[in-house]
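Coordinates in review
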Amino acid sequence: MPDYIYLLENRLSADQRNALRQLRDAARDAGMILFLTGDAVRDLTSGHAVRDLEVAVHGNALKLKKPIEKLGGAVWGESEASRSLYLCFPGTVRVDVVSTHRMDYTKIDKPVTHAASIQEDLRRRDFTVNAMAISLNEGSFGLLMDPLNGAADIEARTLRLVSNYGFLEEPSLLIRATRYIARLGWDLDPKTRTRYENAKEEGVIDRLSAEARSRELEQIGHEDEGLKVLRALEDEGWMKVLFPAWTAAKADEEKLKALHDLAVELLMQGVHPDMSAAQMQLLTAKLSAKELTALKKLMLRPGFVEEWNSLDALAAKFAKVLLSKENSRASAGFKLFTSYDPEAVLWLGFTSKDKLVQERFNQFLKVWPEARQRTPHALMQELRITPELATYKEIVQAIFLELIDGKLTTPEEMRAFLEPHSPPAPPPQITLKRPRAKRGEAKVKERTYDDDEEPEEALDEDEDLDDLGGDEDEIDLGLNLPKVDLDLEPEPELGEDLEAEPAEDDLEADDLEPGPAPGKRGAKSGKNQPSSKPAAKVSTKVNAPEMKAKAVPAAVSAKPAAPPVNKTAKLLVSRKEEKMANAGNAAAPGVKPPQLQSADLTPGVKPPQVDASADLAPGVKPPQPQAAVLAPAVVKPAPAVKPAPAAKPKAPAAKPAKATAKKAKPAAKAAKKAKPAKAAAKKAKPAGKAAKKAAKKGKPAKTAKKAKPAKKAKAAAKKKKR
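**Brief notes about the nonpolar core**
One finds Leu23, Leu36, Leu53, Val95, Val97, Trp246 and Phe318 to be the most contacted residues of the largest nonpolar core, which totals 125 residues. Take this core: its biggest share by element is eight residues, from helix H22 (residues 392-404). Membership of the second largest hydrophobic core comes to seven residues, among which are Ala56, Ile118, Leu122 and Ala133.

Structure follows, in structure tokens:
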């Protein structure tokens, strides 16, 4: 549903709004309420141009005659029977002011009028599209009243009778229906069409009243395309009833077309003439003088007939003013064209044969409009003169008038003319900027927060791995890394001074530091290992000069036995199996892992890869990924023992946890089965005095070489037997 307040303020012309304002003032002073009704509401809703206005008031509309005349409105006619006034306001705005009433058709030939409310008045109308009203009163301004759902018929472009007996009670509706179809292009509702045909066949039009005849005759001249409507009425046979002498053949069709073209050109230049009188003059151009006089007497509004008759006089008066010296300048002539009576301007431009008049019309319609293209819009934008400015239209019009007078030929003149109209520049925008230091601090805080989160996440991951339970010999982190067996340089030959007891218990000594609790990362316990075991001391007697060269003591810690591991726990296999098999690789609690330096490597030996997941005591940081610290080869290798060939790295395939756990043997079990071997002893570096001191001080002990896995130790023992 459209907003009718907006439509009233924007779809009506300035003269029409002024006429309604004066009517509201007069009705308020008289204590009446009024409504906009009829064709105006229909045209506002449907989007057509509003031609005539009709206002309905509660009470006698004739009482508003004198107040309206005082306000500047001209009374063109009145009707005592229907208590209606026919007014004309400045700008040729035609307004019909009617009293709200209802009709009593007890006697078809003599209907009786009764005062009624606006609701009853709407129900006695002709078609539903005209039975709508908009309130013009304070407190309800713009409120639509549509008791018969006329808005739906407007949307459907349908004409539907308000009353089933409309054509019988008011025969003029037959003529009105034909006129609406010709003007709007709408069609009758099927039932309405049936009633129309029936009424036409029965000859209901013969009972047409004199007032209705006068209204319909005059309305032909008020149509935008009067000749088209005249032909439609003639085709239906209604002109024989209205005025038989008036037909389409009596109109000057060529001049009517030229008149419409001129009216359109004037509209483009801001002149809005009412063509009714001029059109009526051409529609009746071929009628005889007697017929024309008789037709004028039948018109409903005598004021309209006076305007029709005075067209030539108005045009002559305008020609005299137009050619005067006061209006010789282009700007003065343009102002005269746009402010004078538009009907006089239209008729003079259409009928005048004077060359000077035609030249002025040519300037107004063709030459002067070209000056609008030279309007300095870019300069106006630069000076902040935009359409949002209240006086924008006046400034543009002033520039246009200067241009058609031959002024403002240079940019400097245009700037000098526009600068007084330029509004002050807006204040600069205040932007608050934070110092860079604060932004840097914020970024540092963000990074610190992120860094703090990372260790927590890593710790959570470790805890998740610790909670897995079961044998800790084999843990698969899901990383498809190649399995590498590091075979270092040939093992040094054991001399007489190097003694190692070939007992399994040598690797689990009481002197070693206790290990972490069972089930935690870094546990080095086998299955069903006893809680305590006497440890065999490893004695290392090596020549002092040979051992001095970066001898790294190995701190081997012992720990209490782990409780029996649940056999159902099945873990994945990883490279940890090899590292955890040898107890000599364990670090004492609280002792940092050995820092490996690339400088301590034996020539030709690749540094061992340090696994971040290696078993560490609680609280001990994982070793940094650096090269392993290896003691230089100071002991001559034994010729009898050959180093095991290095295994080629293979990418372990991800196996299911259950299958891998079944196949994997605990490192402790493998260590028990392994027989003492000289090769295993060769790998272990003795712990000297420096290692003991480091263990007491809590410093990390350095390992000379990485212990071989239990499987390699077993292979070395078999070779020794052979």
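Here the narrative resumes.
**What to know about the layout of surface pockets**
The volume enclosed by the second largest pocket comes to roughly 1,300 Å³. What lines the second largest pocket is a set of 47 residues, among which His101, Arg124, Glu170, Arg176 and Arg215 lie closest to the centre. Taken together, the residues of the lining of the second largest pocket sort by class into 15 nonpolar, twelve polar and 20 charged.

**A short note on the sheet that holds strand S5 (residues 93-99)**
Spatially, the seven strands line up as an open sheet ordered S3-S4-S5-S2-S1-S8-S9, and their pairing is mixed. Strand pairing shows two members of the sheet lacking a second neighbour, strand S3 (74-79) and strand S9 (144-145), which therefore form its edges. The sheet contact formed by strand S4 (residues 84-89) and S5 spans six bridges and is antiparallel. In the strand pairing of S5, Ser84 is matched with Val98.

**A word on the pattern of salt bridges**
As enumerated under the stated definition, the model contains 28 salt bridges in all. In this structure, the salt-bridge partner of Asp224 is Arg51, at a minimum N-O distance of 3.9 Å. With Asp224 in the loop between helix H10 (210-222) and helix H11 (226-236) and Arg51 in the loop between helix H3 (39-46) and strand S2 (53-57), this pair connects stretches of sequence that are 173 residues apart. Looking at Asp224, the relative accessible area reads 42%, which means it is partly exposed. Among the residues examined, Arg51 registers a relative accessible area of 14% and is labelled buried. Between Arg329 and Asp405 there is a salt bridge whose closest N-O contact spans 3.3 Å. Taken together, the residues span a long stretch of sequence, with Arg329 in the loop between helix H17 (311-322) and helix H18 (330-339) and Asp405 in the loop between H22 and helix H23 (411-418) at a distance of 76 residues. Overall, the relative accessible area of 25% leaves Asp405 in the partly exposed class. Three or more residues joined by partner-sharing salt bridges are found here, namely Asp126, Arg176, Arg179, Arg183, Glu216 and Glu223.

**Regarding helix H19 (residues 342-351)**
Summarising burial for H19: eight of the ten residues are buried, a large majority. Where H19 is concerned, the buried positions are Pro342, Glu343, Ala344, Val345, Leu346, Trp347, Leu348 and Phe350. As for H19, its buried residues are in contact with helix H13 (253-268), helix H14 (276-283), helix H16 (302-309), H17, H18 and helix H20 (355-367).

**Focus on unusual backbone geometry**
We note that Thr92 has phi near 55°; this positive angle belongs to a residue other than glycine. By the element assignment, Thr92 lies in the loop between S4 and S5. Look at Thr92 and you get buried, because its relative accessible area is 16%. Within the chain, Arg384 stands out as a residue other than glycine whose phi angle is a positive 65°. For Arg384, the position within the fold is in the loop between helix H21 (377-382) and H22.

**Notes on the packing of H22 against H23**
The N-to-C vectors of H22 and H23 enclose an angle of 145°; their axes lie 12 Å apart at closest approach. Classified by chirality, the crossing of H23 by H22 is right-handed. Of H23, the residues touching H22 (which contributes Ile395, Ala398, Ile399, Glu402 and Leu403) are Met414, Phe417 and Leu418. Taken together, the residues of the contact of H22 with H23 break down into seven nonpolar, no polar and one charged.

**Looking at the packing of helix H8 (residues 172-184) against helix H9 (residues 190-202)**
Interaxial distance between H8 and H9 falls to 11 Å at its minimum, and their mutual angle equals 130°. For the element pair H8 / H9, the angle class is oblique. Seen along the crossing, H8 lies across H9 with a hand that is left-handed. Of the residues in H9, those touching H8 at Leu174, Ala177, Thr178 and Ile181 are Arg193, Tyr196 and Ala199.

**Considerations on the side chain of Ser135**
Considering the arrangement of structural elements, one finds Ser135 in strand S8 (residues 133-135). At 3.2 Å, the side chain of Ser135 and the side chain of Asn137 are in polar contact. Within the structure, Ser135 has its side chain in polar contact with the side chain of Ser140 (distance 2.7 Å). Leaving out residues up to four positions away in the same chain, Ser135 has contacts with Leu34, Phe35, Ser140, Phe141, Gly142 and Leu143.

**Here's the deal with the packing of aromatic side chains**
Enumeration over the complete set of coordinates arrives at 14 aromatic pairs. With 6.4 Å between their ring centres and 45° between their planes, Trp76 and Phe304 make a pair best called tilted. You can see Trp76 sitting in strand S3 and its partner Phe304 sitting in helix H16, a full 228 residues away along the chain. The exposure class of Trp76 is buried, given its relative accessible area of 11%.

**With respect to the environment of Leu34**
Locating Leu34 in the fold gives a position in strand S1 (residues 34-37). Leu34 sits in the buried class, given a relative accessible area of 3%. Residues Leu34 and Ser135, spaced 101 residues apart in sequence, show a C-alpha to C-alpha distance of 6.7 Å. Filtering out sequence-adjacent residues up to four positions away, Leu34 remains in contact with Leu23, Arg24, Ala27, Val55, Ala56, Val57, Ser135, Leu136 and Asn137.

Cut-off values and rules
Residues numbered from 1 in each chain as written. Predicted model: local features only at pLDDT ≥ 70, side-chain atom pairs only at ≥ 80, totals over all residues. Heavy atoms only, no water. Core = buried A, V, L, I, M, F, W, Y, C linked by side-chain atoms within 4.5 Å. Buried < 20%, exposed > 50% of the residue type's maximum accessible area, 1.4 Å probe, protein only. Helix = DSSP H or I, 4+ residues; strand = E, 2+ residues; numbered from the N terminus. 1 Å grid on protein atoms, 1.4 Å probe; cavity = no way out; pocket = protein on both sides within 12 Å on 5 of 7 lines; lining within 4 Å. Points joined across faces, edges and corners; volume = space filled by probe spheres on them. Nonpolar A, V, L, I, M, F, W, Y, C, P; charged D, E, K, R; others polar. Pairing = 2+ DSSP bridges. Salt bridge = Lys/Arg side-chain N within 4 Å of Asp/Glu carboxyl O. Contact = heavy atoms within 4.5 Å. Axes fitted to C-alpha atoms, helices over the stretch in contact; angles between N-to-C directions. Left-handed = near helix turned anticlockwise from the far one by under 90°. Parallel < 35°, antiparallel > 145°, perpendicular 65-115°, else oblique. Polar contact = N/O pair within 3.5 Å; in protein donor to acceptor, adjacent residues only side chain to side chain. Phe/Tyr/Trp six-rings, centres within 6.5 Å; stacked < 30°, edge-to-face > 60°.

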